Structure formats: structure tokens, C-alpha cells
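Given next are the chains, with one letter for each unit.
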Amino acid sequence: MIKYLKAENLKCKRTFTKKIIILSPVITLLIALLSPLWFEVNGYNFWYVLMLPGTITLLAILINQKEEKKLFYRGVYSLPVDLKKIWYGKLFLISIYLLLSNMLLVIGIKAIGTIFNLPLRISFIKGFIAIIIMLITSFWQIPFSLFLCNKFNLLWGILINFGLGTVLNIMLVDSSIWWISPYSYTSRLMAVLLGIHPNGTPLEPGDLLINFSLVPIIIGISLILAVGLAILTANWFQNQEAK
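An account of the accompanying structure is given in this report. Predicted model, so just to flag it, every value in this text is computed and none were measured. (Residues numbered from 1 in each chain as written. Predicted model: local features only at pLDDT ≥ 70, side-chain atom pairs only at ≥ 80, totals over all residues. Heavy atoms only, no water.)

Moving on to the environment of Tyr-88. Residue position: Tyr-88 is located in helix H5 (residues 83-115). By relative accessible area, Tyr-88 is classed as partly exposed at 22%. On a C-alpha basis, the gap between Tyr-88 and Gly-127 in space is 28 Å, while along the polypeptide they are 39 residues apart. Each residue touching Tyr-88, except ones within four places of it in the same chain, is listed here: Met-1, Ala-230, Ile-231 and Ala-234. (Helix = DSSP H or I, 4+ residues; strand = E, 2+ residues; numbered from the N terminus. Buried < 20%, exposed > 50% of the residue type's maximum accessible area, 1.4 Å probe, protein only. Contact = heavy atoms within 4.5 Å.)

A word on the packing of aromatic side chains. On inspection of all chains with the given rule, the structure shows seven aromatic pairs. Residues Trp-236 and Phe-237 carry aromatic rings whose centres are separated by 6.5 Å and whose planes lie at 45° to one another, so their mutual orientation is tilted. Overall, the relative accessible area of 0% leaves Phe-237 in the buried class. Feature note: the residues Trp-87, Phe-147, Trp-236 and Phe-237 constitute an aromatic cluster, connected by ring pairs. (Phe/Tyr/Trp six-rings, centres within 6.5 Å; stacked < 30°, edge-to-face > 60°.)

Glancing now at the side chain of Ser-24. Examined against the element boundaries, Ser-24 turns out to sit in helix H2 (residues 16-32). For Ser-24, the contacting residues outside a window of four places in its chain are Trp-47, Met-51, Thr-55 and Ser-101.

Further remarks concern unusual backbone geometry. Of note, Asn-117 is a non-glycine position whose phi angle comes to about 55°, a positive value. Take Asn-117: its relative accessible area is 68%, and that puts it in the exposed class.

Before going further, it helps to spend a moment on the packing of helix H1 (residues 2-11) against H5. In a pair of packed helices, the angle between the axes and the distance between the axes together describe the arrangement. Close contact between H1 and H5 brings their axes to 8 Å; oriented N to C, the two are set at 65°. Two packed elements cross with a definite hand, and for H1 against H5 that hand is right-handed. Only Lys-85, Ile-86, Gly-89, Lys-90, Phe-92, Leu-93, Ile-96 and Tyr-97 of H5 make contact with H1, whose side of the interface consists of Tyr-4, Leu-5, Glu-8, Asn-9 and Lys-11. Grouping the constituent residues of the contact of H1 with H5 by class yields seven nonpolar, two polar and four charged. (Axes fitted to C-alpha atoms, helices over the stretch in contact; angles between N-to-C directions. Left-handed = near helix turned anticlockwise from the far one by under 90°. Nonpolar A, V, L, I, M, F, W, Y, C, P; charged D, E, K, R; others polar.)

Residue position: Asn-161 is located in helix H8 (residues 154-172). Overall, the relative accessible area of 0% leaves Asn-161 in the buried class. Here Gln-141 takes part through its side chain, which lies 3.2 Å from a polar atom of the side chain of Asn-161. A polar atom in the side chain of Asn-161 sits 3.0 Å from the side chain of Tyr-183. (Polar contact = N/O pair within 3.5 Å; in protein donor to acceptor, adjacent residues only side chain to side chain.)

With that settled, consider helix H10 (residues 214-238). An ideal rise of 1.5 Å per residue puts 36 Å on 25 residues; H10 measures up with 36 Å between its terminal C-alpha atoms. The complete set of buried residues in H10 reads Leu-214, Val-215, Ile-218, Ile-219, Ser-222, Ala-226, Leu-229, Ala-230, Thr-233, Ala-234, Trp-236 and Phe-237. (Expected span 1.5 Å × (residues − 1).)

Checked against the element boundaries, Leu-5 lands in helix H1. Taking C-alpha positions, Leu-5 is 28 Å from Ile-27, a pair spaced 22 residues apart along the chain. Ignoring sequence-local partners within four residues, the contact set of Leu-5 consists of Gly-89, Phe-92, Leu-93 and Ile-96.

Following this line, the structure appears as C-alpha cells:
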């Protein structure tokens, strides 16, 4: 499996794909700085509501395009290799890139807040735990986005995972039926862990959205969904034939 991961990473050498790892958190931090007093809250909120799903979608698009430029995957399908492992290699690579990007975000928030003496109420440890949980609750979007881009095209990846996903998150996250939309899971857990309302405002202690019993449940559901989608899409990819 490691050799497949290394091969996928090598394909992204000196490409815009790797620049996304740095650009996404940097853009988030710059936007958050527009409101210095709310820098920390805006940094985290803007990240998990818009930039994280956007980054997942963009990475899936770019990694898929690397193969499409090479005879629309015909070169891959015709090789004597395990297509499932190639697919899993792409999923793991995107996951690693997202981990690095998330780490840069939390380090950037702490560093900029300290340097410019901005209000910081979320500890580095709590922020680090939060970004790990953001990843866990967003993992399922990786195979889903890559499948959309591979099966259809990049437009569907943008429209469904980023466009529709963002709309569903905003519309349902604060409703009684939020649980039907996995896009709302990250925002709900950040309300618990970071005390940030899905609309970006700080929550008061005792707010109904701060429900710690949801944390293990949502994490469990998210992992099951991620593993399920990874297996289903890997099986689908394995059954593809050179066009």
C-alpha cells in the first residue's frame, strides 16, 4: 500500500495540488484577519464551513485530472496493478494533504493571535483535537468527491459536494433534522468542542448545542460512512474498463 501512496504523491510533485495544502489555510487566516477581534472564531468557523469541504473537492478534482490528462485513465486501467490499491492510495494521499493543511491552520491561528496580541480563548491542544475531529467527520467526502469527479466531471464535484453540501449544512445544522445530513456533522461537533455556533458566533455556556454525548456518536457514524464509501467506490473503480 505504501508504494501506491508514494506513487500517487510523486504524480503531484511540482503541481498546484501541493500548493493547495498551504494556500487553503493561508486564505482562511487572511480572511479571518479582516475582523481582528473575532479572528480565532472566524478562522475556525470559515475553515470547517467553507474552506475544508472546498479543499477536499479541489484536491479530488486536481488528482483526478492528473489521470484524465493521461488518456482518461486508460493507462491506469490497462496496467497489471491492483486498482483498489490505486484508489485507496488516492484517498490516503488526500487525507494526508488535508491533515497537513489542518495543522497549518491551527498553528497559524495560534501564531498570528500571539504575534498580534489578538483575543484567543481556544487552547492549542483543544484546537488540535478539533481539527482532528474535523478530519474524521469529513473523511467520507473524500471518496464521495473523487467518485463524482471520476464518474461525471469536475462540475458535479463542485456542485454537489461543495455547493449542495454547503447549502445543506447551513440550512439543516441548527434544525431538528440536522442528523440526516452528514455535511452538518462537523459544524455540530465544533459547537460542542470549540463553543462556536454554526453561524460563527460564540456560544454561551449551557447552550443546547453543547451536547458532549453527540461526540462519540457522530464520530462513529462518520467513520462507518467513510469506510463504507471508500470500499464501495474502490470496488466501483476496480470494475472500470479502459474506455
